[in-house]
Amino acid sequence: KLHVKEGSIIELKCPVPDCRAELGSRMLERVLEPHEYERWERLKTQQILDTLEGIAFCPRCEELGHDVPNFVEGTASSDDAPVATCRRCGYVFCGKCLGIAHTSIQDCISEEDRIMQVAMRKMAESSGKMTMAQRKRMQKERTMGKLYEITLGEEAPEVDTIGLLVKDWRDSTSGD
């Protein structure tokens, strides 16, 4: 049950030390609760699809809790980035790095950059919903050095590490 809950289904093996074979679906269906078994089925399906070439899960749908496998279009050259279009939400993304679609494989982003983009997008979505108390707490964290301002080029707006525009932050903490 723990491995299913944590998503580490690869660890579901026979407990006999000499065996260690993968547990079958019928066995798991008998020992897991129905909702746990459904989760195991989803995780197992995703595990199998992840091993297939030409399949990529939509990163936007994954952020919303949906596993949507999509076919990745073939490329004319090994330098071209593979592109996929989500059949659920229509998002067009790179089938290799899962970032916004781009033409060259050299433009692929790292997993860390993609995680940062997701975090900043989530924070930007939630920043409009912040209460004044939350904004004041962020001001305190900023003055304590827990939040840092970054600039994304000369023309880009200043944002802090969680994606809030510095101008908006200054406006919301100007003593009102």
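What you are looking at is a predicted structure, and each value in this text was computed from that prediction instead of being measured. (Residues numbered from 1 in each chain as written. Predicted model: local features only at pLDDT ≥ 70, side-chain atom pairs only at ≥ 80, totals over all residues. Heavy atoms only, no water.)

Colleague: Is there a simple way to explain the overall build of the chain in this structure?
Modeller: If you tally the helices and strands in the chain, you get seven helices and six strands. Going from the N terminus to the C terminus, the chain shows its helices and strands as α-α-α-β-α-β-β-β-α-α-β-β-α. Within the chain, buried positions represent 30% of all 176 residues. A fraction of 32% describes how many contacts in the chain between residues 6 or more apart in sequence connect residues 24 or more apart. (Helix = DSSP H or I, 4+ residues; strand = E, 2+ residues; numbered from the N terminus. Buried < 20%, exposed > 50% of the residue type's maximum accessible area, 1.4 Å probe, protein only. Contact = heavy atoms within 4.5 Å.)

Colleague: Just checking my understanding: could you explain the confidence of the model for the chain for this structure?
Modeller: Low pLDDT means the predicted coordinates in that region are not meant to be read closely. With 64% of its residues at a pLDDT of at least 70, the chain reaches an overall mean of 75. The least confident element of the chain, judged by mean pLDDT, is strand β5 (residues 149–151) at 43; the most confident is strand β3 (residues 83–85) at 93. Per-residue pLDDT stays below 50 along residues 146–154; that stretch engages in 22 contacts with residues further than four places along the chain or on separate chains. (pLDDT = per-residue confidence, 0-100.)

Colleague: What is the right way to read helix α3 (residues 34–51) from this model?
Modeller: Note on helix geometry: an α-helix contains 3.6 residues per turn, so any two residues three or four positions apart are oriented the same way. Across its 18 residues, α3 extends 26 Å between first and last C-alpha, which sits within 8% of the 26 Å expected from 1.5 Å per residue. Along α3, the residues classified as buried are Glu36, Tyr37, Trp40, Leu43, Lys44, Gln46 and Leu49. (Expected span 1.5 Å × (residues − 1).)

Colleague: What is the right way to read the packing of aromatic side chains from this model?
Modeller: The relation between two aromatic rings is expressed through the spacing of the ring centres and the mutual angle of the planes. In total, this model carries one aromatic pair according to the counting rule given. Ring centres of tyrosine 91 and phenylalanine 93 lie 5.8 Å apart, and the angle between their planes is 10 degrees; this geometry places the pair in the stacked category. Owing to a relative accessible area of 11%, tyrosine 91 belongs among the buried residues under this scheme. (Phe/Tyr/Trp six-rings, centres within 6.5 Å; stacked < 30°, edge-to-face > 60°.)

Colleague: When you look at empty space enclosed by the protein in this model, what are you seeing that I'm missing?
Modeller: Over the atoms a probe the size of a water molecule is rolled, and this reveals where empty space is left. Following the criterion strictly, the structure yields two cavities of 30 Å³ or more and no others. Here the largest cavity is characterised by a volume of approximately 70 Å³. Residue lining of the largest cavity: Pro59, Arg60, Glu63, Tyr91, Leu98, Gly99, Ile100, Arg114, Gln117, Val118 and Arg121, and that is the complete set. If you list the elements that add at least two residues to the lining of the largest cavity, you get α4 (59–63) and α5 (111–127). Here the lining of the largest cavity gets four residues from one element, more than from any other, and that element is α5. (1 Å grid on protein atoms, 1.4 Å probe; cavity = no way out; pocket = protein on both sides within 12 Å on 5 of 7 lines; lining within 4 Å. Points joined across faces, edges and corners; volume = space filled by probe spheres on them.)

Colleague: What should I look at first to understand the nonpolar core in this one?
Modeller: Nonpolar side chains tend toward joint burial in soluble globular proteins. Ala56, Cys58, Cys61, Val68, Val72, Ala84, Cys86, Tyr91, Phe93 and Leu98 form the largest nonpolar core, which has ten residues in total. Each residue touching alanine 84, except ones within four places of it in the same chain, is listed here: Phe71, Val72, Tyr91, Val92, Phe93 and Gly95. Counting five residues, the second-largest nonpolar core is a separate cluster that includes Leu12, Leu28, Tyr37 and Trp40. (Core = buried A, V, L, I, M, F, W, Y, C linked by side-chain atoms within 4.5 Å.)

Colleague: Which parts of the structure should I look at to understand the pattern of salt bridges?
Modeller: Oppositely charged side chains can form a pair if their charged atoms are brought close together. Scanning the entire structure with this criterion turns up two salt bridges. Residue glutamate 22 is joined to lysine 44 by a salt bridge in which the shortest nitrogen-to-oxygen separation is 2.4 Å. Of this pair, glutamate 22 sits in the loop between α1 (2–6) and α2 (25–31) while lysine 44 sits in helix α3; the two residues are 22 residues apart in sequence, bridging distant segments of the chain. Under the relative-accessibility criterion, glutamate 22 is labelled partly exposed at 49%. Notably, a salt bridge pairs glutamate 111 with arginine 114, separated by 3.7 Å at the nearest N-O pair. Separated by three residues within a single helix, glutamate 111 and arginine 114 lie in helix α5, roughly one turn from each other. (Salt bridge = Lys/Arg side-chain N within 4 Å of Asp/Glu carboxyl O.)

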